[in-house]
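# Structure assessment
Below are the chains, spelled out letter by letter.
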Amino acid sequence: MGIFSDNEINSILAEAKKVAIAGHVSPDGDCVGSCMAFYHYLKDNAGELGIEQIDVYLEPFGSSFNVLEGIDEIKHSCDADTVYDVFVSLDCSSLDRLGKAVKYFNTARYTVNIDHHISNIGFAGYNHVISNASSTCEVLFDLLDESRINKEIARALYVGIINDTGVFKHASTSGKTMLAAAKLMDKGIDFTGLIDETILGRTHLQNQLLGRCLMESRLILNGKVIISCLSLSVLQFYGADHSDLDGIIDQLRSTKGTQVAIFIYEKEPEVYKVSLRANGNADVRRVAEAFGGGGHIRAAGCTIRGTLDEITDRLIMQIKDELMD
Ligand code: AMP
Ligand code: MN
Ligand code: MN
């Protein structure tokens, strides 16, 4: 018996002195939550496991996740040439989504991939991918020994679950998700505060950008698709980064009568990040995959190069096939 409910993970970690933890680029709540939960869990049990060093690597993200303890211990630079015994990837569907941290993946003795994306093909030495789970944090909850989940670990897991389920309302939410959340609540966490801090509370800049996107949104394909875009020049004018754009796609998706919502922003000149959400049956993951991206049936994303007109035309062509009459 080890501290995980999965024997393979127990035996891999039994060999480890140095462990690296990382999630996907442009980290979201599930990514940050799962990395922090795993970090605290290993740290709490480091003595028993014989682990001497645990490092978390993530790209910079919004300040709303500062409610979680240990956020300031996360490394945002991958300059050090540390070689790890074990590299654990969380909430990341493919190797290219690990960003710069991939260098530690490439040199680690053992690699572990814990995730919930259907598009995850199992890129690590050991893969634990549960594609019907709402979030990586839900997957992690099942892997951890419940009696060792302290309040801080529970807070991090809860943040991941509420962020990926839109506070238990997306179709990926199941009875199992609710049971996990209930058990986390029983650990005495400040659940209303966590929802306010990481989801409902918005900065003035986030609201300004949301307002602008809603004002400039357009209905296309007979009103079945809503689309809105932000150019690099507008983002630079506001001094905004990707974390200032959270929630825009969800607000677009809430538009009655639409089957698909598209939010596009320019990351670099003529490089566009596309977020796709589906109401009903459209499979936006298939659309994202056609452009080298991925995700879930109702929430997916990709990055496309070209002019805005070109990429919207190409997206519309792909989406047409997914729409119902
Ligand atoms: P986003 O629109 O960025 O919030 O992403 C929606 C979902 O699709 C999330 O589960 C992401 O992890 C996933 N996703 C976004 N972009 C990509 C990509 N380029 N490749 C694979 N999965 C992605
Ligand atoms: Mn994620
Ligand atoms: Mn996730």
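Relevant structure appears above.
Everything numeric here is computed off the predicted structure, so don't read it as measured data.

### Section: the site of ligand 1
Neighbouring ligand 1 are 14 residues, the closest being His117, Lys273, Ser275, Arg277 and His296. A distance of 2.6 Å separates an oxygen atom of ligand 1 from a polar side-chain atom of Ser275. Note that an oxygen atom of ligand 1 is positioned 3.1 Å from one of the side-chain N or O atoms of His296. In isolation ligand 1 exposes 480 Å². Once the protein is present, 83% of that is buried. Secondary-structure elements contributing two or more residues to the shell around ligand 1 are strand E9 (271–278), strand E10 (294–295) and strand E11 (299–305). Here the element with the most residues in the shell around ligand 1 is E11; it accounts for four residues.

### Some points on the coordination of the manganese ion (ligand 2)
Octahedral six-donor coordination of a metal ideally yields angles of 90 or 180 degrees, compared with 109.5 degrees for tetrahedral four-donor coordination. Donor atoms from the polypeptide that coordinate the manganese ion (ligand 2) comprise His24 (NE2), Asp28 (OD), Asp28 (OD) and Asp91 (OD), at 2.2 to 2.6 Å from the metal. Between the donor residues of the manganese ion (ligand 2), the gaps in sequence give the motif H-x3-D-x62-D. Separation of the manganese ion (ligand 2) from the manganese ion (ligand 3) amounts to 3.6 Å, with Asp91 serving as a shared donor to the pair. Taken together, the residues span a long stretch of sequence, with His24 in the loop between strand E1 (18–22) and helix H2 (29–44) and Asp91 in the loop between strand E3 (86–90) and helix H4 (102–107) at a distance of 67 residues.

### Quick look at the side chain of Gln206
Here Gln206 is to be found in helix H9 (residues 204–216). With residues up to four places along the chain from it excluded, the contact list for Gln206 reads Gly201, Ser243, Asp244 and Asp246.

### Overview of the coordination of the manganese ion (ligand 3)
Within the protein, the atoms that donate to the manganese ion (ligand 3) are Asp30 (OD), Asp91 (OD), His116 (NE2) and Asp164 (OD), at distances of 2.1 to 2.3 Å. In primary sequence terms, the donor set of the manganese ion (ligand 3) follows D-x60-D-x24-H-x47-D.

### Details of unusual backbone geometry
Phi angles above zero are rare outside glycine, and Asn222 is one such case at about 55 degrees. By secondary structure assignment, the location of Asn222 is in the loop between strand E6 (218–220) and strand E7 (225–230). Phi is positive for Glu270, close to 60 degrees, though the residue is something other than glycine. Within the secondary structure, Glu270 is located in the loop between strand E8 (260–268) and E9. Taking the relative accessible area as the measure of exposure, Glu270 reaches 41% and is therefore partly exposed.

### Some remarks on the packing of H2 against helix H6 (residues 151–165)
Between H2 and H6, the shortest axis-to-axis distance is 7 Å and the interhelical angle comes to 160 degrees. Classed by the angle they form, the pair H2 and H6 counts as roughly antiparallel. Note on packing geometry: the crossing formed by H2 with H6 is left-handed. Contacts between H2 and H6 involve Gly29, Asp30, Gly33, Met36, Ala37, His40, Tyr41 and Asp44 from the former and Glu152, Ile153, Ala156, Leu157, Val159, Gly160, Asn163 and Asp164 from the latter. Class assignment for the residues of the contact of H2 with H6 results in seven nonpolar, five polar and four charged.

### Some details on the sheet that holds strand E4 (residues 110–115)
The strand order E2-E1-E3-E4-E5 describes an open sheet built from five strands, whose pairing is parallel. Both outer strands of the open sheet, strand E2 (53–57) and strand E5 (126–129), are each paired with one neighbouring strand and no more. Averaged over all adjacent pairs, the angle separating strand axes in this sheet is 15 degrees, with direction ignored. Examined bridge by bridge, E1 and E2 share five bridges and lie parallel to one another. Bridge pairing in E2 links Lys18 to Gln53. Packing against the sheet, helix H1 (residues 7–14) makes contact with E1, E3, E4 and E5, and its axis sits at approximately 140 degrees to E4. On top of the sheet, helix H5 (residues 136–143) reaches E3, E4 and E5; it is set at about 115 degrees to E4, its chief contact.

### Remarks on a negative patch on the surface
There is a patch of like negative charges on the surface, built from Glu270, Asp309, Glu310 and Asp313. Mapped onto the secondary structure, Glu310 falls in helix H13 (residues 308–320). We classify Glu310 as partly exposed; its relative accessible area is 44%.

### Some thoughts on the packing of aromatic side chains
Aromatic ring pairs are reported here in terms of the distance separating the ring centres and the angle at which the planes meet. A complete count under the given rule lists 11 aromatic pairs for this structure. Ring centres of Phe237 and Tyr238 lie 5.2 Å apart, and the angle between their planes is 90 degrees; on these two criteria the pair is classed as edge-to-face. Accessibility expressed as a relative area gives 67% for Phe237, which makes it exposed.

Conventions we followed
The written sequence of each chain sets the order in which its residues are numbered from 1. Just so you know, chain letters begin at A and ligand numbers begin at 1, following the order they were written in. Note on the predicted model: pLDDT of at least 70 is required for a residue's local features to be given, and 80 or more for side-chain atom pairs to be given and counted; whole-chain, interface and lining totals, by contrast, use all residues. To get the side-chain values, all heavy atoms of the structure are used, and hydrogens and water are removed first. Put simply, a residue is near a molecule or strand once any heavy atom of it comes within 4 Å of that molecule or strand. Any pair of N or O atoms that falls within 3.5 Å is considered a polar contact. Within protein, one atom must be able to donate a hydrogen and the other to accept it, and sequence-neighbouring residues count only if both atoms are side-chain atoms. Under the convention used here, a 1.4 Å probe and the Shrake-Rupley method define accessible areas, while residue burial counts only the protein chains that appear. Under the DSSP-based scheme used, a helix requires at least four consecutive residues in state H or I and a strand at least two consecutive residues in state E, with every element numbered from the N terminus. As a rule, N, O and S atoms within 2.8 Å of a metal are its donors, except that Na, K and Ca use 3.2 Å; water is not among the atoms, so sites may look incomplete. Two residues qualify as a contact provided that any one of their heavy atoms is within 4.5 Å of a heavy atom in the partner residue. Whether a residue is buried, partly exposed or exposed follows from its accessible area with a 1.4 Å probe, protein chains only, as a fraction of its type maximum: under 20%, in between, or over 50%, in that order. An axis is simply a line fitted to the C-alpha atoms; with a helix, the fit covers only the stretch in contact. Between two such axes, the angle follows the N-to-C directions and lies from 0 to 180 degrees. Every angle not falling under 35 degrees, over 145, or within 65 to 115 is termed oblique; those three ranges are roughly parallel, roughly antiparallel and roughly perpendicular. Note on convention: near helix rotated counterclockwise from far helix by under a right angle means a left-handed crossing. Clockwise means right-handed. For this classification, the nonpolar set comprises Ala, Val, Leu, Ile, Met, Phe, Trp, Tyr, Cys and Pro, the charged set comprises Asp, Glu, Lys and Arg, and every other residue, Gly included, is treated as polar. The pairing criterion is simple: DSSP has to find at least two bridges between the two strands. Patches in this entry comprise residues that are over 30% relatively accessible and not in a salt bridge; like charges within 9 Å are linked, as are nonpolar side chains (Val, Leu, Ile, Met, Phe, Trp, Tyr) within 5 Å. Here, a salt bridge means any side-chain nitrogen of Lys or Arg that lies within 4 Å of a carboxyl oxygen of Asp or Glu. Charged-residue counts in this description rest on Lys and Arg as positive and Asp and Glu as negative, His and the chain ends being excluded. To locate a charge, the coordinates of NZ of Lys, CZ of Arg, CG of Asp or CD of Glu are taken. Two aromatic rings from Phe, Tyr or Trp, using only the six-membered ring of Trp, form a pair when their centres are within 6.5 Å; if the ring planes differ by under 30 degrees the pair is stacked, by over 60 it is edge-to-face, and anything between is tilted.

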